[in-house]
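So the chains spell out like this:
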Protein chains: 2
Amino acid sequence: MKLTISDLAKMTGLAKSTISGVLNNKDGFSEKTRQKVLQAAEQYGYVPNEIARGLSTKYTKTIGLVIKDIANPFYSKLTKGVQEVAGEYGYTVFLCSSFEDHHTEKEQIQAMLSRRVDGLIVAPLLEEVTFDHLFDLKAKSVPFVLLGSVPGLDSSYVEFDDYDGGRQVTEHLLERGHRSIGFAAGLPTSRASRERLRACRDVLSAHGLALRPEFTFEGAQELADGVEIGRKLIAMKERPSALICFDDVVALGVVKAFQSEGLRIPEEMSLTGFDDIDLMIFPLTTVSIPTYEAGKALARTLFGRIFGGPDTPPQRIVFDEKLVVRSSVRTAAN
Amino acid sequence: MKLTISDLAKMTGLAKSTISGVLNNKDGFSEKTRQKVLQAAEQYGYVPNEIARGLSTKYTKTIGLVIKDIANPFYSKLTKGVQEVAGEYGYTVFLCSSFEDHHTEKEQIQAMLSRRVDGLIVAPLLEEVTFDHLFDLKAKSVPFVLLGSVPGLDSSYVEFDDYDGGRQVTEHLLERGHRSIGFAAGLPTSRASRERLRACRDVLSAHGLALRPEFTFEGAQELADGVEIGRKLIAMKERPSALICFDDVVALGVVKAFQSEGLRIPEEMSLTGFDDIDLMIFPLTTVSIPTYEAGKALARTLFGRIFGGPDTPPQRIVFDEKLVVRSSVRTAAN
DNA sequence: AAAATAAATTGAACCGGTTCAATTTCCTGT
DNA sequence: ACAGGAAATTGAACCGGTTCAATTTATTTT
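Not measured: the values here are computed from a predicted model.

Peer 1: How would you sum up the relation of the copies chain B and chain A? Please name residues and give values.
Peer 2: Mapping chain B onto chain A calls for a rotation angle of 180° and an axial translation of 0.0 Å; the resulting RMSD is 0.0 Å. Taken together, the rotation and translation describe the operation of a two-fold axis. Among all residues of chain B, the one whose C-alpha sits closest to the rotation axis is F94(B), at a distance of 2.2 Å. A high fraction, 96%, of the interface residues of chain B reappear at the interface in chain A, so the copies pair face to face through one surface.

Peer 1: Talk me through the nonpolar core; I want residue IDs and the actual numbers.
Peer 2: By size, the foremost hydrophobic cluster in this structure holds 148 residues, and its most contacted members are I63(A), L243(A), L271(A), I63(B), L243(B) and L271(B). Residues M112(A), F144(A), I109(B) and L146(B) belong to the second largest nonpolar core, which totals 40 residues.

Peer 1: I'd like a description of the sheet that holds strand β8 (residues 242–245) of chain A, backed by residues and values.
Peer 2: Residues and elements named next belong to chain A. On the basis of which strands lie adjacent, the open sheet formed by 4 strands has the order β7-β6-β8-β9 and parallel pairing. On the outer flanks of this sheet lie β7 (216–217) and β9 (270–272), each paired with one strand and no other. In this structure, strand β6 (residues 181–184) lies alongside β7, joined through 2 bridges in parallel fashion. Along β7, the bridge assignment pairs F183 with T216.

Peer 1: Provide a residue-level description of the protein's contact with DNA strand C, including the pertinent values.
Peer 2: DNA strand C sits among 27 residues. The nearest are S17(A), T33(A), K58(A), I5(B) and S20(B). Close to the protein, within 4 Å, the atoms of DNA strand C are drawn from sugar and phosphate at a rate of 63%. In this structure, A15(A) approaches DNA strand C through a main-chain N or O atom, which is 2.9 Å from a phosphate oxygen. Within the side chain of R53(B), an N or O atom sits 2.9 Å from a phosphate oxygen of DNA strand C. The element that contributes the greatest number of residues to the surface near DNA strand C is helix α4 (residues 50–57) of chain B, accounting for 5 residues. By residue class, the composition of the surface near DNA strand C is 9 nonpolar, 14 polar and 4 charged.

Peer 1: So, the domain arrangement of chain A: which residues are in play, and what are the values?
Peer 2: All names here are of chain A. The domain architecture assigned to chain A consists of domain 1 (5–48), domain 2 (58–160 + 291–320) and domain 3 (162–289). Computed over C-alpha atoms, the centres of domain 2 and domain 3 are 29 Å apart. Contact between domain 2 and domain 3 buries roughly 1,300 Å² in total, counting both sides, with carbon and sulfur atoms accounting for 46%. It is E100, L126 and F160 that lose the most area in domain 2 upon contact with domain 3, and together they represent 42% of the buried surface on that side. Inspection of the domain 2/domain 3 interface yields 2 salt bridges. For K77, the salt bridge goes to D278, with nearest N and O atoms at 3.2 Å.

Peer 1: Outline the packing of helix α8 (residues 162–175) of chain B against helix α9 (residues 191–206) of chain B, listing residues and values.
Peer 2: All names here are of chain B. Packing of α8 against α9 brings their axes to within 7 Å, and their N-to-C directions diverge by 40°. One finds that α8 runs oblique with respect to α9. Helix-helix and strand crossings are classified by hand; for α8 and α9 the assignment is right-handed. Residues D162, Y163, G166, R167, T170, E171 and L174 of α8 form the contact with α9, whose participating residues are R191, A192, E195, R196, R198, A199, C200, D202, V203 and L204. A class-by-class count of the residues in the contact of α8 with α9 yields 7 nonpolar, 2 polar and 8 charged.

Peer 1: Can you tell me about the protein's contact with DNA strand D, naming the residues and giving the values?
Peer 2: Not every one of the 27 residues close to DNA strand D is listed here, only the nearest: I5(A), S20(A), S17(B), T33(B) and K58(B). Those atoms of DNA strand D that come within 4 Å of the protein belong to sugar or phosphate at a rate of 63%. A52(A) is positioned such that a nitrogen or oxygen atom in its backbone is 3.4 Å from a base nitrogen of DNA strand D. The separation between a base oxygen of DNA strand D and a polar side-chain atom of S17(B) is 2.7 Å.

How each quantity is defined
Residues numbered from 1 in each chain as written. Chains lettered and ligands numbered in written order. Predicted model: local features only at pLDDT ≥ 70, side-chain atom pairs only at ≥ 80, totals over all residues. Heavy atoms only, no water. Least-squares fit on C-alpha atoms with pLDDT ≥ 70 in both. Contact = heavy atoms within 4.5 Å. Core = buried A, V, L, I, M, F, W, Y, C linked by side-chain atoms within 4.5 Å. Buried < 20%, exposed > 50% of the residue type's maximum accessible area, 1.4 Å probe, protein only. Pairing = 2+ DSSP bridges. Helix = DSSP H or I, 4+ residues; strand = E, 2+ residues; numbered from the N terminus. Near = heavy atom within 4 Å. Polar contact = N/O pair within 3.5 Å; in protein donor to acceptor, adjacent residues only side chain to side chain. Nonpolar A, V, L, I, M, F, W, Y, C, P; charged D, E, K, R; others polar. Domains from an automatic or database assignment. Buried area = accessible area lost by both parts, 1.4 Å probe. Salt bridge = Lys/Arg side-chain N within 4 Å of Asp/Glu carboxyl O. Axes fitted to C-alpha atoms, helices over the stretch in contact; angles between N-to-C directions. Parallel < 35°, antiparallel > 145°, perpendicular 65-115°, else oblique. Left-handed = near helix turned anticlockwise from the far one by under 90°.

Here is the structure:
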């Protein structure tokens, strides 16, 4: 059915190796043969079998991308960046979602390895349990780049300065006179969320303040979680004067809840997010994260390693997070 | 470096074929051998090479997904659905984005084929030029499913009843008394946009009305395009009383433009969208599209074909679009 | 015109699996 | 103890490429 190199060999009366050589632009072939091969390949619509090629060359021209959830704008934008760079290199990307499950993450990485990807980009879940699977990658000297560093693992990574982002919003709120601040954190598996929370706590405590447990929420992930947090806040007799959401999606959920109950932002409560997603139309004060650029950087770093060989020194790239002041934070009457 | 089946054979003193057989759960092996093989594989951490396996079995356990833009929530949600079903089948998905370019679309499909994917899901761009590459797939009897049917191509597809969606919004607007309606269409390569526009025109003309050219915009794709359209409308002395946007992202852009200029929706202009994206917090009257379900349906249909063989009759699945009335459309003072 | 050198082409082995006919080993019944 | 049949194991060919030493062909040189 499918045309193979041997078929072409038969048709042109040349040897397999000749066909292969010409098709791979190796030199040492006469112009005549070259033309004959090229012509035949063109005419019969020969499509090389990358699987077979991969088997002998060990290069599959394929990279794996393991993220948490493609439906989240943060990851879809990052993915776009990765894809674009991969395309430039003639690479195709395997997309895997861990769906926030540690076991799935391991499985997906395993699947990528058995498919012999040339390299991996992983946005690992943070788990108490173990990073064995990542250390394994290193031990096997599979080229890989992480989104976010992993303690003790001397690997390439791209990360955002989430701690600093958290610092910036918190200080901004303090400057505007807020003293009672709430925090809607993400899943405990999110490094970004943890860092932001930690920064917030640090800054507050440096000012002699603290996050009150009843104003601290955990596990927010989707819009619906934000809505729920919003509802809870509405139901409270006493509320923080400002709420930091660990990402824009959650913030949007809170906005939605507030809107439907007629609670006004920032008059009745100030609100901030993280990511600065494109689809935001609410004038949310947030922290912008260069997701798309990070995706590109991840891919570029990975290719650096793939082509540079195992002795390429690990690269660490940190992107800054930048406060974007809009109008969801009011100056609090102290 | 990597452990192969031959290595295991050497270590256990058995034949390659025995190792392979046991690992693939074929029967006809003694319990003793079976254990010996399994044990060794486990102990030395054997990972099968899917590339090699793919070469001889012709099954790569891989499908290709070619979409336009992963950063668009419509596609990222659809992708999530595809991925989830693929995962159930132990398949991994290659993600390709055409970035709205017809040539890239062809290339990506080609790349997938040379990687010998077991099947393809394609959201094809609509182009005057040609669907040759899709007809080719059929000719080569590569299993594939399209998002949206292609005229003359008798293939499996999943689509939305975009015409009916367009009908619904338009009628809704007419019922609410709107007579001067604008339309912000997408790229001409979008089937959905075309169908919706066509429906709108049909309904209007059935009521003796028409879309005025100056209220009809083309090529809207991202939020920024919506913003621009919004600005243009603001600058007009005379405006339509309602604007149908071909998707929520564009609608969001219009909302953004209006908000910044203080133009009120729906008081000064009514607005509708399509998709009913999760991140919508603006009470936009829109048409909901079961993107995620469509992704799952696409994948399931594809697997039906992959496992059912070439004689599987083409499946056509049409998902309904449903008007979701919120509060961005007012009853017009005629 | 023969020898030396350079250029072009080829054949066989290999990558890591799968497959299946052929062979070997193990039981069973007599 | 042995023939016969069933069960277990094996070896070789194959999938479709790449690689490279060896061979063949062409071109120079003397």
